[in-house]
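Here is what each chain is made of, one letter per residue.
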Amino acid sequence: MTNAIRSWVKALSGSGLIGLALVVFWLLIAIIGPFLAPYDPGAFVAHDVFASFTGAHLLGSDYLGRDVLSRLLSGARYSVGLALAAALLASTAGIALALLTAVSPRWLDEGVSRFMDTLISIPSKIFSLVLVAVVGSSLPLLLLVASITYMPGSFRIARSLAVNLAQMDYVQVARCRGEGAAYIAIREILPNMIHPMLADFGLRFVFIVLLLSGLSFLGLGVQPPDADLGSLVRENISGLGEAAPAILMPAIAIATLTVGVNLLIDALPGRGRRMAGKE
Amino acid sequence: MQTHVEVRDLCVTAGAHTIVADVDFSIPRGGVLALIGESGSGKTTIAMALMGYARLGCRIAGGSVRVGDTDVLALDEDGLAALRGDRVSYIAQSAAASFNPSRRIMDQVVEPALIHGRMDRAAAEKKAVALFRSLALPYPDTIGERYPHQLSGGQLQRLMAAMALITGPELVILDEPTTALDVTTQIEVLRAFKQAVREQGATAVYVSHDLAVVAQMADAIVVLNKGRIRENGRAVQVLQQPEDEYTRTLMAAARPERAAVDAPKVTAAPLLEIKGMCASYGTTPILRDINLTIARGATLGVIGESGSGKSTLARVIAGMLPPSTGAISFDGARLPPSLSMRDKEQFRRIQLVFQNADTALNPAHCVGEIIGRPLAFYHGLKGPAAAKRVAELLDLIKLPASLADRPCGGLSGGQKQRINLARALAAKPDLIMCDEVTSALDTVVGAAILDLLAELKRELGLAYLFISHDIGTVRAIADDIMVLYAGTQVETGRRQGYDGVARHPYTDLLIGSVPELRSGWLEEQGTRPAPPVIGQPKDGADLCRFLPRCSWRICGTCEEFTPPRHVTPGGNIILCHRPEGASEGAS
Amino acid sequence: MAGPATRGLLATALPLIGKRIASGMLTLLLVSLVVFFIAQLLPGDAAQEMLGQAATADAVAALREKFGLDRPAPERYVRWLVGMVTGDPGYSLVANMAVSDVIAARLPNSLLLAALSALVSVPVALTIGILSAMHRDARLDRGLNVATLSMVALPEFLVATLAVLVFSVQLRWLPSIALIPPDASPWLILRSLAMPILTLSVIVIAQMARMTRAAIIQQLSQPYVEMALLKGIKPARVVLTHVLPNAIGPIVNAMALSLSYLLGGAIIVETIFNYPGLASLMVNAVTSRDMPLLQACAMIFCTAYLLLVLIADTVAILANPRLRNR
């Protein structure tokens, strides 16, 4: 198994390795970041607001004189964790629904697909804004909003995969053998979807990180006292004129995370879909 | 004779692999050389190297190619572009894919003449129409206005020849140009090619896997295997006195011998019986009035060209497509029409083996899982008992038991097809339906599968429904043969019944179109007489499907009435107004 | 020569396009259902919201009756839908004016920004995509690949903040706020819009270029391309005359997706640069829970999206001879 991972890493291109390193780095930060924080992220510890890089405050201080590095280390947990959970939820639900429609009667397939097409025609940011306006933005609801927003996209890709796979000869063979729909969906179709859906999962994760940090930036996402990376950009926007690290660093942090994931997906073996992009 | 094309020490590599090595041959001016070999023999790679072209990932690593006075491999990109399509032109295997789908035929046909500045557009179009006419294309004056998707494969193949010949090239490369065609179309295309190339006085390289086709076209033959030349000689010598062992293997596989099989004991009750069955996809009728029986342990061969409905027949029997009318009985009991109404035992007794083992085996499963699933599903075998049975089955299909843990991705085409077969055998069926099981394989590998099928039949007493487009293959294995044309069953009978002269006009055309493995056969085949003039076919009548192409049609009968079934002197049942079909004595 | 073909084109393409229009209308209707019924999930309603928690039950009931909020949901949906179609999408309780007036003030700004960004990004994206595809796996392609791959993943506020830092804080070339005085000259308008356009273009160019490249590469692997090369056509000409006509469908589709992003996705850009567009209006509607305004904005963005997709489909049908004449 470790050998398989080693040969897999070896096969990655240069940009893929950078991507892998960034992804591993951010996953680690999300898990142990708060323990590494030099200060309490909520404490006013610096003498100056919008201070630049110093020995005591590696990434400077924010608009209230708090330590930017500490706030970043604890904010990453929200950005990574929330997006990871939402992407998992969106992908799993999309795949499950796609498998269901692939083996269910035509009317159900058509009904579900039509409904998903409708949801896809609502641009994702608009859709999530409407949802946030109605349900609010507590953490569980943000998770739900993000996964509902990106589930139809995942469904569409999973369904087109599943429909193609359901036409494959080996599925026809299984049908002629008398296999039930559940066996066909789970044993014959699903294993061949995992690989492309993994790449799609990465993309969804990137979309969701961008969506959630965007919402937070607009003040509609993670609410104080909690703060994700997008909130950090928002609260320090007044430091823009003085080019404060407090506004640049969180934005760069998000970029390294999303760019890292994108580079990694692109380097995956047999990258069938090089369509990395936004909805 | 003066040497026109000379290839010396040609090497082509793909990354670290050498795919063509040390290839030498020469062609005299006006000669036709055939490159023959199985898939992976490097024949197409060599043909493309003649134009200084290597596909993505490949590189011409050494050697020289001379065409006339030109050292092709020494040319730069501009020099190559000037050579290709002008002095050397190429006819690809799949014309349907090789024409640009969004541009008109005429634009594409005259393009080489225009970009190489051979003539102006009006002259080029005039020459194109002349070529269309000499290639016996229908509507030569207007066919150029059409788009590729509006034309048939045989027409596109000939249009591609026109495109290749428009600049009057000195060397024409034909890369398996008839492989994608039905055999009855192939003969016309071959004839058209041969004449057109001869009229141009061009030198030609003919790439093929089919010895019989090559025998009709080539003066000299180069036999290739794994990128190296096995034999190089005049066509007559290679075909009649092959020197190389590999050439002899190819020759033996090209015309499969019938394995000695005892005639099955015909029992009173047939295993499978179909009466008056019709089937359609949506409102499009695919099969009409099919009647057949297969005795226990017997083999019924089903033959027809693409679109004849032969695969649909297997799908209907398997229950994937419920018939619209008619009854299917299996072992005396009525078989429910659809999958959901059949029980496990009915599923088990009929197994279907698909044409393409690449897509019929789930790449996510290993060999043991694939063969083990029917064991568990039908017979409840699990654990060591199942593993033991998998090993036995692998042994039966002559594969090592160690394969069981391998994913099927890395296996060869022949191995995959054997596993495909083993999965069907695991169910212990009474009837196996084989849908073109040898078509996707190289000749030698396909012949081995045929031998295996015959052996299994002898040992296990299986009955087969054997579907193929190739009459030679069907004759090698079947006891009875059924001929399908456009969804109608035009002829049915014992295998021996097809040896006589009295047969359905379509069967006659089909059998007469299969090239023989000797030079000169093509010239001996007279052009078929044009179909006799008949009246306007009667609207709404259920007429003979073969009517538009039939050289034997009778004015006043065939376009008016539904054809009846007759029994020929050979004992076959034919669907034709002529009691003795395409036989001279009957008219 | 063109005569019969043109007639055939109209005869066969029109029903196909008609079908797409009908399907688009149906989707729009379903979208309106979704948008309306999501808004119904909001606890309390506009009347409650407007009068506050302290209002008497009677006052709330009276206001409900005035706005028809006491009617059953299906009836309110139909009224709302008819209002949307006839150009009267309701009354913005927060702005205290008709939604149509609020939108009318903002929509031209959004369209201007989108149009200018499209003007910049489409040619650049096409060039990058085509260049990349023609030099597939060469150094240029790999470089562009990493660049566009990174660009699509950038958060807009990073691009925007960097742009402000460089162009208005450091170089002092451009204003950091995109406010357009009513009597501004075209030059001034361009100057104030430069940074929003730049930010939007960076994101959209990357996305369009990648999809263009993918569409062309997909075609490049087709046998007809090899055939064209073997006819002696030079690679650049093969791409322009053989590949592009076949890749137009997917490319236009990619453009449509990206352009729809220029309208609805401009939310963050509009907010950062204080640009009075439709997207920032929608953010205000969310913060103030101004449902009629929010629903109207959402419907406008969805309609724009569906319209762009429809245009892309039409272009694809007209470009594909297999679709337009059988």
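Residues numbered from 1 in each chain as written. Chains lettered and ligands numbered in written order. Predicted model: local features only at pLDDT ≥ 70, side-chain atom pairs only at ≥ 80, totals over all residues. Heavy atoms only, no water.

A. Representation of the sheet that holds strand β2 (residues 17-28) of chain B in the model. Residues and elements named next belong to chain B. Strand order across the open sheet formed by four strands is β2-β1-β4-β5, with antiparallel pairing between neighbours. If you trace the sheet from one side to the other, it starts and ends with β2 and β5 (70-71), each paired once. Strand direction decides the pairing type here: strand β4 (residues 58-67) and β5, joined by two bridges, are antiparallel. Directly across from R66, in β5, lies its bridge partner D71. (Pairing = 2+ DSSP bridges. Helix = DSSP H or I, 4+ residues; strand = E, 2+ residues; numbered from the N terminus.)

B. How the structure looks around the packing of aromatic side chains. All told, the structure shown has 12 aromatic pairs over all chains when counted by the stated rule. Geometrically, the ring pair formed by Y150(A) and F207(A) is stacked, given 5.5 Å between the ring centres and 25° between the ring planes. With a gap of 57 residues between them, Y150(A) in helix α6 (residues 139-166) and F207(A) in helix α8 (residues 181-217) connect regions that are remote in the sequence. Relative to Y378(B), the ring of F377(B) lies with its centre 5.1 Å away and its plane at 70°, an arrangement referred to as edge-to-face. Both residues of the pair, F377(B) and Y378(B), count as buried. An aromatic cluster is present here, built from F36(C), F37(C), Y77(C) and W80(C) joined pairwise through their rings. Here the basic side chain of K344(B) rests over the ring of F377(B), its NZ or CZ set 4.3 Å away from the ring centre. The cationic tip of R373(B) hangs over the ring face of Y183(A); the distance from NZ or CZ to the ring centre is 3.7 Å. (Phe/Tyr/Trp six-rings, centres within 6.5 Å; stacked < 30°, edge-to-face > 60°. Buried < 20%, exposed > 50% of the residue type's maximum accessible area, 1.4 Å probe, protein only. Lys NZ or Arg CZ within 6 Å of the ring centre and 35° of its normal.)

C. Structural context of unusual backbone geometry. With an omega of 10°, the peptide bond between P224(A) and P225(A) qualifies as cis. Looking at where P225(A) falls in the secondary structure, it is placed in the loop between α8 and α9 (229-235). The phi angle at D9(B) is positive, at roughly 50°, despite the residue not being glycine.

D. Molecular detail of the domain arrangement of chain B. All names here are of chain B. What the domain assignment reports for chain B is domain 1 (3-254), domain 2 (272-474) and domain 3 (500-587). Here the C-alpha centre of domain 2 lies 37 Å away from the C-alpha centre of domain 1. Counting from both sides, the interface comprises nine residues of domain 1 and, opposite them, six residues of domain 2. Summed over both sides, the interface of domain 1 with domain 2 buries roughly 700 Å², with 50% coming from carbon and sulfur. Among the residues of domain 1 in contact with domain 2, E38, D182 and A253 are the three that bury the most area, contributing 60% of the side total. The interface formed by domain 1 and domain 2 holds zero salt bridges in total. Counting residues per element, the side of domain 1 that touches domain 2 draws most heavily on helix α10 (residues 245-254), at four residues. Residues that form the side of domain 1 that touches domain 2 fall into these classes: three nonpolar, four polar and two charged. (Domains from an automatic or database assignment. Contact = heavy atoms within 4.5 Å. Buried area = accessible area lost by both parts, 1.4 Å probe. Salt bridge = Lys/Arg side-chain N within 4 Å of Asp/Glu carboxyl O. Nonpolar A, V, L, I, M, F, W, Y, C, P; charged D, E, K, R; others polar.)

E. Representation of the packing of helix α10 (residues 245-267) of chain A against helix α7 (residues 156-170) of chain C within the structure. At a minimum axis separation of 9 Å, α10(A) and α7(C) run at an interaxial angle of 140°. One element, α10(A), and the other, α7(C), form an angle in the oblique class. Of the two elements, α10(A) crosses α7(C), and the hand of that crossing is left-handed. Packed against α10(A), whose contacting residues are I247(A), L248(A), A251(A), I252(A), I254(A) and A255(A), the element α7(C) presents F157(C), L158(C), T161(C), L162(C) and L165(C) at the interface. A class-by-class count of the residues in the contact of α10(A) with α7(C) yields 10 nonpolar, one polar and no charged. (Axes fitted to C-alpha atoms, helices over the stretch in contact; angles between N-to-C directions. Parallel < 35°, antiparallel > 145°, perpendicular 65-115°, else oblique. Left-handed = near helix turned anticlockwise from the far one by under 90°.)

F. Quick look at the interface of chain C and chain A. Across the boundary between the two partners, chain C contributes 54 residues, which contact 50 residues of chain A. Between chain C and chain A lies a buried interface of about 4400 Å² when both sides are counted; carbon and sulfur atoms form 76% of it. Interface area lost by chain C to chain A is led by I38(C), L149(C) and F157(C), which between them contribute 13%. Our count for the contact surface shared by chain C and chain A stands at two salt bridges. Counting across the interface, chain C meets chain A through seven residue pairs in polar contact (both at pLDDT 80 or more). Looking at the side of chain C that touches chain A, the elements that each hand over two or more residues are α1 (2-39), α6 (139-152), α7, α8 (186-220), α10 (235-264), α11 (267-272), α12 (278-287) and α13 (291-319) of chain C. Per-element tally for the side of chain C that touches chain A: the top contributor is α1(C), with nine residues. Counted by class, the side of chain C that touches chain A contains 39 nonpolar, 10 polar and five charged residues. (Polar contact = N/O pair within 3.5 Å; in protein donor to acceptor, adjacent residues only side chain to side chain.)

G. Inspection of the sheet that holds strand β10 (residues 228-234) of chain B at higher detail. Residues and elements named next belong to chain B. With mixed pairing, the six strands of this open sheet are ordered in space as β6-β7-β8-β3-β9-β10. In the strand order of this sheet, the two ends are held by β6 (88-91) and β10, each with one partner. Strand-to-strand, the axes of this sheet are offset by a mean angle of 15°, without reference to chain direction. In terms of strand pairing, β6 meets strand β7 (residues 171-175) through four bridges, oriented parallel. Pairing of Y90 across the sheet is with I173, part of β7. Where helix α6 (residues 153-165) meets the sheet, its contacts fall on β6 and β7, and the angle it forms with β6 comes to roughly 175°.

H. Just the interface of chain A and chain B, in detail. With 15 residues of chain A in contact, the opposing surface of chain B contributes 21 residues. Summing both sides of the interface, chain A and chain B together bury roughly 1700 Å²; the carbon and sulfur share of this comes to 57%. If you sort the residues of chain A by the area they bury against chain B, D169(A), C176(A) and R177(A) come out on top, with a joint share of 36%. The interface formed by chain A and chain B contains two salt bridges. A salt bridge links E369(B) to R187(A); the nearest nitrogen and oxygen atoms lie 3.3 Å apart. Put simply, chain A and chain B have nine residue pairs in polar contact (both at pLDDT 80 or more) between them. Put simply, the parts of the chain that give the side of chain A that touches chain B at least two residues each are α7 (169-177) and α8 of chain A. Among the elements that line the side of chain A that touches chain B, the one with the most residues is α7(A), at seven residues. When grouped by side-chain class, the residues that make up the side of chain A that touches chain B number six nonpolar, three polar and six charged.

I. Up close: the packing of helix α5 (residues 124-135) of chain A against α6(A). Residue and element names in this part refer to chain A. In contact at an axis separation of 9 Å, α5 and α6 are set at 145° when each is read in the N-to-C sense. As for the relative orientation of α5 and α6, their crossing is right-handed in sense. Seen from α5, the contacting residues are S124, F127, S128, L131, V132 and V135; seen from α6, they are L141, L142, V145, I148, T149 and Y150. A per-class count over the contact of α5 with α6 returns nine nonpolar, three polar and no charged.

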